[in-house]
Amino acid sequence: MLIWLFLTQRLPTPALWEICLVICFAVNSQTYYNTASIVTCVSNFPANRGIVLGLMKGCLGLSSAILSRFWHVIPSAQRRDGSSFLLVAAWLPSVVTFLLMAFVRKYSWVDESQLYSALSCSKEEEENLGNEELSELILDCEKNSKKSSSTVRLLSTSAPVVVLAIFLMGCAFWKQDDSLVNPVECTAQILILVSPLWIAWKLTARRILLRSSVDEGLIIVASQGECKGESHICRQPVHLNDKDDKSLSGALCSLNFVLVLFTSAITLGSGFVAVNNMNQVASALGYLEGEVSIFVSLISIWQFIGRFGGGVFSDYLLYRFRIARPLVTSIAALILSCGYVLVAFPFSGSLYLASIVIGLSAGANWCLNPTTVSELFGLRHFGTLYNVVLVGNPLISYVLSVWVAGYLYDTEAERQDLQGQCKGNKCFNLTFLILSATCMSAALASFFLWIRTRNFYKMI
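All values reported here derive from a predicted model rather than from experimental measurement.

Some thoughts on the overall build of the protein
Of the regular secondary structure elements, the protein holds 17 helices and two strands. Counting every position in the protein, which comprises 460 residues, the buried fraction comes to 41%. The contacts of the protein with a sequence gap of at least 6 include a subset with a gap of at least 24, amounting to 80%. Accessible area for the protein stands at about 24700 Å²; split by element, carbon and sulfur atoms hold 65% of it.

As for the environment of Leu53
One can find Leu53 in helix 3 (residues 49-73). When the C-alpha atoms of Leu53 and Val39 are compared, they prove to be 9.1 Å apart, with 14 residues separating the residues in sequence. Apart from residues no more than four positions distant in its own chain, Leu53 is found in contact with Ile38, Val42, Cys367, Pro370, Thr371 and Phe382.

A few points about the nonpolar core
Counting 34 residues, the largest nonpolar core has Val42, Phe257, Val373, Phe377, Phe382 and Tyr457 as the members making the most contacts within it. Looking at this core, the elements that each hand over two or more residues are helix 2 (16-44), helix 3, helix 11 (255-276), helix 13 (289-321), helix 14 (325-344), helix 15 (350-377), helix 16 (382-416) and helix 17 (429-458). At seven residues, helix 15 tops the list of elements feeding residues into this core. With sequence-adjacent residues up to four places away left out, Phe382 is seen in contact with Ile38, Val39, Val42, Leu53, Pro370, Val373 and Ser374. Judged by nonpolar contacts, the second largest core, of 31 residues, contains Tyr287, Phe295, Ala354 and Leu400.

With respect to the packing of aromatic side chains
With the rule as written, the count across this model stands at 13 aromatic pairs. Residues Phe272 and Trp366 carry aromatic rings whose centres are separated by 5.8 Å and whose planes lie at 85° to one another, so their mutual orientation is edge-to-face. Of the two residues, Phe272 is situated in helix 11 and Trp366 in helix 15; the sequence distance between them amounts to 94 residues. Seen from their ring centres, Phe456 and Tyr457 are 5.4 Å apart, and the 85° between their planes marks the pair as edge-to-face. Grouping residues by exposure puts Phe456 and Tyr457 together as buried. Through a chain of ring-to-ring contacts, three or more aromatic side chains come together here, namely Tyr340, Tyr409, Phe428 and Phe432. Taking NZ or CZ as reference, Arg320 lies 5.3 Å from the ring centre of Phe321, over its face.

Considering the pattern of salt bridges
The full count for this structure, using the stated rule, is three salt bridges. In this structure, Glu375 and Arg325 form a salt bridge, with 2.5 Å as the shortest nitrogen-oxygen distance. Note that Glu375 is positioned in helix 15 and Arg325 in helix 14, a separation of 50 residues in sequence. A single network of salt bridges, built from pairs that share partners, joins Asp315, Arg325 and Glu375.

Considering the side chain of Thr35
With respect to the helices and strands, the residue Thr35 is situated in helix 2. With relative accessibility at 15%, the residue Thr35 sits in the buried group. A distance of 3.0 Å separates the side chain of Thr35 from the side chain of Asn387, its partner in a polar contact. Dropping the residues within four chain positions of it, Thr35 is found in contact with Gly383, Tyr386 and Asn387.

What counts and how
Residues numbered from 1 in each chain as written. Predicted model: local features only at pLDDT ≥ 70, side-chain atom pairs only at ≥ 80, totals over all residues. Heavy atoms only, no water. Helix = DSSP H or I, 4+ residues; strand = E, 2+ residues; numbered from the N terminus. Buried < 20%, exposed > 50% of the residue type's maximum accessible area, 1.4 Å probe, protein only. Contact = heavy atoms within 4.5 Å. Areas by Shrake-Rupley, 256 points an atom, 1.4 Å probe, with all protein chains shown as cover. Core = buried A, V, L, I, M, F, W, Y, C linked by side-chain atoms within 4.5 Å. Phe/Tyr/Trp six-rings, centres within 6.5 Å; stacked < 30°, edge-to-face > 60°. Lys NZ or Arg CZ within 6 Å of the ring centre and 35° of its normal. Salt bridge = Lys/Arg side-chain N within 4 Å of Asp/Glu carboxyl O. Polar contact = N/O pair within 3.5 Å; in protein donor to acceptor, adjacent residues only side chain to side chain.

Next comes the structure, spelled out in structure tokens:
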């Protein structure tokens, strides 16, 4: 809001340090909302961390595209200048936050899957069961716990958001010549965004009915007690145990956390550089202005699909085949490295393919690394550890943008002497080769983390 007041000259023109302070407060407020929503959702759905983190991080990246499309719905005659968009971006997220803030909390009820996964048999009950019956009961509980109904519910709730992403992707190619296009597009986006609320209401009503019909004695979570003795059977997922959760100081002394921090900083930092320079890359390679705008629009959509798809796919591989998440992260980093090679050595239409590869793989790393932190170090201090893991992104992004991409681009532009502009693949050839090499190092670090933690993930 202050930036809008400055821009419209309702307040005196600020000094440089004043506008930097305002932007600092604005960015940190977004970080707080992001942390509060992600930590709360992961605490409510600990068995589906990949899906939850992928959906939340995906919506964070998709929100800019949603606001942009809503802005285009307004007739051009009423869009006086760019300052009006700042006003909309200032009040709309705040209104939504105040309306929904009461729902962002940790709920006390127990999920249906916990009726199976949190099985605790006392010694007296264990003596009344034969060995074969007891073994069959445990195996049956393990089988049912894998088929968690919350997974289906999360995917059902996420489906409209995926549809919205596909819809926005089509809008990037849609030439809005008809005056009816804007109202139709606005109505479709509102219906798609509201549909998850209907699904959530139906599931909440169903859960309340289920809870009232289940004996309270069955909903006793085994994690509240301590398993003592070999004959006392207590099946508790390893990643739900809070006794071994590490604080920030304990995590920083762990090599596993350092590996996750390094992988996250390299993959996400290099992804920022690639996305931020995609406009200049397309212009340097001779793409038309309309195609350049399509690249910029589509890469955010691909990042959403990568974030959400990476979470869903990694959860499926983990619980179905026991494939550890660091191994999936290593593969995603390798794919990201290949995407940079496509930009470094372009061919006809290669930038379209590169935008898909970079968007999907960079997006997947946004949910894979935080999910790995929550599994290896627990949820008690997840809010702190989550933000510490993301601290390295701006540092690496600054180094690669200013000291690598910016320096090499300016050097080539001076050599070509085209008044500050650069043409050809030499403008970014060496830059993206360096990005590819850094991602290879991140893939090796994540692979080493998989070697260290593969036995842990086998117990999940």
